Each structure stands twice: as structure tokens, then as C-alpha cells.
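# Survey of secondary and tertiary structure
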Amino acid sequence: MSKEWPLWEIFIRGQHGMSHRHVGSLHATDAEHAIKNARDVYTRRNEGVSIWVVEAEKITSSSPSDKGPMYDPARDKIYRHPSFYDIPDEVGKM
Amino acid sequence: MYAQMIKSEATEDDPQRLAEFQARIDAGEKIEPKDWMPEGYRKTLIRQIGQHAHSEIVGQLPEGNWITRAPTLERKTNLLAKVQDEAGHGLYLYCAAETLGVSRDEMTEMLLDGRMKYSSIFNYPTLTWADMGAVGWLVDGAAIMNQVPLQRTSYGPYARSMVRICKEESFHQRQGFHIMMAMVKGTEAQKRMAQDALNRMWFPALMMFGPSDKDSVHSSQSMAWKIKMNTNDELRQKFVDETKPQADYLGLTIPDENLKWNEETGHYDYTEPDWNEFFEVIKGNGPCNADRIEARQKAWNEGAWVRDAMMAHAEKKRGAKANGAAQ
């Protein structure tokens, strides 16, 4: 019997010069259909200038339990930020 | 609003993990789909978001009733846009619920066989054009009151769909009020029609917030989990306080003799709706329960071949493409 249409994740570029941003998901039979539905569901008020669709099951994501090992190592590397380096005022703007 | 009497599910998880989970919520963190969550949290959310989604979809029916009979082309385009928004809101919410491991088809089936509910308000008929005004003004007004705080709910996908919905919904209430403004400036008969719509919709609108706090047995767990942000009576009071001056502006009378400003509390006193009627409507005995489910069932049945045919067509196209690439 009936098979549910696959789930697609929808990304929209809100305006020129901006990145595409995830706005939500919807069901559609294929990519073309997903774009048509995304236009109706997510851009009824001029919210976008471009749409990307990706089948949800094709997305690989990091696991929440890896949060520590993944992101903690960056925490103590404060020398990656400009504020780590003191430059005397007399040097001027840098 | 659209979620009434959501039963909190008991949860039998490891106390340590439960405490950690509660600490995350208390710290204002959002819970995301792949995060660990108590089984009760997941199930309660499915029930609540599902009921909310169903309400958006079933809520199209009473208004759809007037699209072809709107008095002007402008009113027709406005109403059409509003009803289309409701379809969109249903979709955002179904997708949020699906991240919790329930499928769209399962939710539809649960609506059709009565295992899942939708808001009691949509079981009342829309008898005249003025009802389109009253529905937008009161029903969407009540919905907004409930949805604005839900933008801060603990479950990320639900909160995000609420943000979108709230952004879109304020137009709904305004278009309803606009209809009422036109009606009360019209002929005596039109003014009477506006008053009649308010008379019929007032108490059903108050029921949208769910039973009185003293009878609301499922609130405390949901509030601790930030699935529910305010009590039913808090929101109902806020609604009465905001709506009374709007009715005054229209020159309409709220059908409640006990509605009076209370200096001491700084709120209006009002009569509670007839809770027996509310429980009857929830049980399926409202004026339109059978019609609403019949309409949804018909759409589901008659759309089945379209859903299947579109899937088959997409698969055929994929097959042709794969063959073409192989040759």
C-alpha cells in the first residue's frame, strides 16, 4: 500500500549575499517536487531568493554525545583570537 | 490554543539522567532531536505537537466554508491566504513532531481513528460571514496568546516552528478584526450579525485554553519540562483582559453579565465557560465533530491514489535516469 513520501530538509537564501539557512523540512516525492513544495511552504512572504533541498536521510550529523571531545579542545586556544595579543596604543589601529 | 488537556506521560528513566536533563532545561538549554530525553517528555511532546498540528489542519474547515462566499474579491484573497497559512502551520508542526520518531501517516491515522485530538473550537459551525471576523479576532487571538510563550519552549524544533507561526499569525487576527470593524459600521442587520457571532464564539474561545487550573491535572510536569509555559487560567485571564477593550471599540457586548473590572485584582472578573459542554465536545459530541472527521477522512481516502501515483512517477523517473546513466 501507500508509501510515505521521503522527508527533505529545506535551506533558503534569504537575500543576495547571505548563506542558505535551514528553515525546516517537508515531504516530497523527488527533488523537483521538494523545491515546488518549499516555495509554497517556506516563501509565501518573500522570504527567499534561492532554495536548496536535501533528502533528510542523506545528511550525516555529529553525535550529541561527542560534544566534549569535538569542541572542548578549542576552548583553551585563546591565542586564536585577536584580543589575546596586546598591541600598544601608540602603534595605532591594527 | 490548540493543545488542550495534554496528558503528561509518566517516565521511568534513570533518576540521574532525569536530573541532568532537568538541569539542562532549567539552564534554558534547548533539547534537540538527537539528544537524550526522557520517554515521557518525548511522548507528551508528540501528543501535544500532534494535537496542535491537527488543529491547524482541521481549523481550515470552518473557514474554508466561506471562501467561495466571501463578500468581496479582496476579502476572498485575504481569507484564502489565511487558510493557506494554516496548512503551512500544520506542516511546520507535523515536521517538528516527526523529529521525535512518529511518522506523518501515523499521526494522520491517529487523528482519523480518534486516538489524537484537535482543539475543541473547531467543532463549532461557522454560520455567517461575521463568523469569519469572530474566528480571526477571537480564535486566532486566543491561539496567539498561547503560542507566543511557546516560542521559548524547551524542544528546539517546536520552538522554531512557533517562531515562524507567530510571525505569520498576527495577520490572521487583524484580518478578523478588520471584518468585524466593517460589519459594525454596516447596516443594523450586519451589526446584529456581528453581535451574534460574538455571542456564539465567546465561550468556545474561552474553552480553547483548556480546563480550569483546579481541574488541570497534567500541568506540573509539563511546566517543569517547559512544554507548557503558563497555566490555563493565566492565559484565559490575559485573553479576557485584552479582548474586552477591543469589543468596546467595536461597540459589541461580550455575552457575560458578570464581566466587570476588578480594581483589587487589576483584571476583569468573568464567568467561566460551561465545562460540561467542553468535556462533551472533547468526547466527540460537539455540533461538528462528526463532520470534521468525515471531511478529513474523505480527503485522506480520495488523496491516496494521488500520493501513490506521484511516488510511482518519481520512482519511474529515477529509474529512467539511472538507466540513462548506465548506458
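Preceding this paragraph is the structure being described.
Residues numbered from 1 in each chain as written. Chains lettered and ligands numbered in written order. Predicted model: local features only at pLDDT ≥ 70, side-chain atom pairs only at ≥ 80, totals over all residues. Heavy atoms only, no water.

### Concerning the overall build of chain A
The condition that has to hold: Only DSSP runs of H or I with at least four residues qualify as helices, and only runs of E with at least two residues qualify as strands; both kinds are numbered from the N terminus onward. Just to be clear, the radius of gyration here is over C-alpha atoms, and the globule rule we use is 2.2 Å times residues to the power 0.38. Relative accessibility decides the category of a residue: with a 1.4 Å probe and only protein chains considered, values under 20% of the type maximum give buried, values over 50% give exposed, and everything between is partly exposed. Contacts are residue-level and defined by heavy atoms, with any inter-residue pair within 4.5 Å sufficient. Here the accessible surface of atoms and residues is derived via Shrake-Rupley with a 1.4 Å probe, and residues count as covered only by protein chains that are part of the display. Neither His nor the chain termini are counted; the positive set is Lys and Arg, and the negative set is Asp and Glu. Each charge is placed at NZ for Lys, CZ for Arg, CG for Asp and CD for Glu.
The secondary structure content of chain A amounts to 2 helices and 3 strands. Seen in sequence order, chain A has helices and strands lined up from the N terminus as β-β-α-β-α. For a compact globule of 94 residues, the expected C-alpha radius of gyration is about 12 Å, and chain A comes in at 21 Å, more than 25% above that figure. For chain A, the proportion of its 94 residues judged to be buried stands at 26%. Sequence-distant contacts in chain A: of pairs separated by 6 or more residues, those separated by 24 or more amount to 43%. Carbon together with sulfur atoms contributes 54% to the accessible area of chain A, which is approximately 7100 Å² in total. Charge-centre separation for chain A: the mean point of 13 positive side chains lies 5 Å from the mean point of 14 negative side chains.

### Side note on helix α5 (residues 104-112) of chain B
Counting buried positions over the 9 residues of α5 of chain B gives 7, a clear majority of the element. Restricting attention to buried positions, one finds in α5 of chain B the residues Arg-104, Asp-105, Met-107, Thr-108, Met-110, Leu-111 and Leu-112 of chain B. Looking at the buried positions of α5 of chain B, the neighbouring elements they touch are β2 (20-27) of chain A together with α2 (39-58), α4 (73-98) and α12 (289-326) of chain B. After α5 of chain B finishes, the residue Gly-114 of chain B shows a positive phi value of roughly 85 degrees.

### What to know about the pairing of β2 of chain A
Residues and elements named next belong to chain A. To keep things clear, this is the line we draw: A pair of strands is treated as paired once DSSP finds two or more bridges between them.
Sheet analysis places strand β1 (residues 7-13) next to β2, joined by 7 bridges and oriented antiparallel. What sits directly across from Trp-8, in β2, is Leu-26. Where β1 folds back on β2, the antiparallel hairpin that results is connected by 6 residues, among which Gly-17 adopts a positive phi of roughly 90 degrees.

### Some points on the environment of Ile-144 of chain B
All names here are of chain B. By secondary structure assignment, the location of Ile-144 is in helix α6 (residues 130-150). Separated by 154 residues in the primary sequence, Ile-144 and Lys-298 have C-alpha atoms spaced 30 Å apart. Sequence-distant contacts of Ile-144, defined by excluding residues within four places in its chain, comprise Pro-149, Glu-169, Ser-170 and Gln-173.

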